[in-house]
Amino acid sequence: MLNAAQEVFVSNGFHGAAMDDIAEAAQVSKPVLYQHFPGKRELYLALLEDHLGTLTEFLTSALNSTSDNKLRVRETMRAYFRFVAQDSQGHRLVFESDMTNDAEVSSRIEEFNARFASNIAGVIAEDTKLSPVEATLLGRALAGMAQVSARYWLETDGDLDIDAASELIYRLAWRGISRFPKEI
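Cut-offs used in this document
Residues numbered from 1 in each chain as written. Predicted model: local features only at pLDDT ≥ 70, side-chain atom pairs only at ≥ 80, totals over all residues. Heavy atoms only, no water. Helix = DSSP H or I, 4+ residues; strand = E, 2+ residues; numbered from the N terminus. UniProt positions renumbered as here; feature names shortened; annotations may be inferred. Phe/Tyr/Trp six-rings, centres within 6.5 Å; stacked < 30°, edge-to-face > 60°. Buried < 20%, exposed > 50% of the residue type's maximum accessible area, 1.4 Å probe, protein only. Lys NZ or Arg CZ within 6 Å of the ring centre and 35° of its normal. Polar contact = N/O pair within 3.5 Å; in protein donor to acceptor, adjacent residues only side chain to side chain. Axes fitted to C-alpha atoms, helices over the stretch in contact; angles between N-to-C directions. Parallel < 35°, antiparallel > 145°, perpendicular 65-115°, else oblique. Left-handed = near helix turned anticlockwise from the far one by under 90°. Contact = heavy atoms within 4.5 Å.

A separate point is the environment of N3. Of note, N3 is situated in helix α1 (residues 2-16). Separated by 164 residues in the primary sequence, N3 and E167 place their C-alpha atoms 31 Å from one another.

The following block contains the structure:
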């Protein structure tokens, strides 16, 4: 049901999607769909949470994969690219939906962005002389760079290999972040 709902939401947008369309795509009756989800909004939020959970797992794994910050940056950039490559519709549901102006949806996405930027900031602050506010700003910038470039890469339709693309962004990010003074 979730896969069918995602397909309908991405194709039609939240506002253009109907529970009838989702039930038909899932090959279930509308009452069966309502047994699992009270409404279209709850179904959308379940999908959003599922994708944010997957992306969180990818990113947490990348950050925890090593204590070498250079490799952390590389793995974090790759994690964004892997998320987009794994399910191009999922990233669209999270980052390009017509629901991003909805207060609950935007707060969940912002909560994800803030939590992840804070995780990156923790690593940056631990290793530099930067204040928490400065480290958080850099965390947001790195996460934003990864997110936007991975989304663009998807639009290139394979003109650039995923490893080459994520490597380019990693090199750009590392050259910038590695220039900050280390805490002595």
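Let's shift gears to the UniProt feature "DNA-binding region" (unreviewed entry) in the protein. If you check UniProt for "DNA-binding region" (unreviewed entry), the listed places come out as residues 18-37 in our numbering. The distance separating the terminal C-alpha atoms of residues 18-37 is 13 Å; by composition the span is 75% helix and 0% strand.

Below, the discussion takes up the packing of aromatic side chains. To describe a pair of aromatic rings, one takes the distance between the centres and the angle between the planes. Counted under the stated rule, the structure contains seven aromatic pairs. Taking the centre distance of 6.5 Å and the plane angle of 85° together, the rings of F58 and F83 count as edge-to-face. On the criterion of sequence distance, the pair formed by F58 in helix α4 (residues 40-64) and F83 in helix α5 (residues 69-86) is long-range, its members being 25 residues apart. Each member of the pair, F58 as well as F83, is classed as buried. Within the aromatic cluster, the residues linked to one another by ring pairs are F9, F14 and Y44. Geometry around F14 places K40 over its ring, the cationic atom sitting 4.4 Å from the centre.

What follows covers the UniProt feature "domain: HTH tetR-type" (unreviewed entry) in the protein. Residues given the UniProt feature "domain: HTH tetR-type" (unreviewed entry) here are residues 1-55. Segment residues 1-55 splits into 84% helix and 0% strand. End C-alpha atoms: 20 Å apart.

Moving on, we get to the side chain of S149. Residue position: S149 is located in helix α8 (residues 132-155). You can call S149 buried: its relative accessible area is 14%. Among the polar contacts made by the side chain of S149, one reaches the main-chain carbonyl oxygen of M145 at a distance of 2.5 Å. Looking at S149, its side chain comes within polar contact range of the main-chain oxygen of A146, at 3.3 Å.

Contact geometry of α8 with helix α9 (residues 162-177) gives a least axis separation of 11 Å together with a crossing angle of 160°. When the interaxial angle is binned, α8 and α9 end up roughly antiparallel. The two elements α8 and α9 cross, and the hand of that crossing is right-handed. Where α8 abuts α9, its residues L138, L142, M145, S149 and W153 lie against I162, A165, I169, L172, A173 and I177.

On to the environment of L33, then. Looking at the secondary structure, you find L33 in helix α3 (residues 30-36). Note on L33: relative accessible area 0%, which makes it buried. In this structure, the C-alpha to C-alpha distance between L33 and A18, residues 15 residues apart in sequence, is 12 Å. If sequence neighbours within four positions are ignored, L33 has contacts with M1, M19, I22, A23, V28 and L43.

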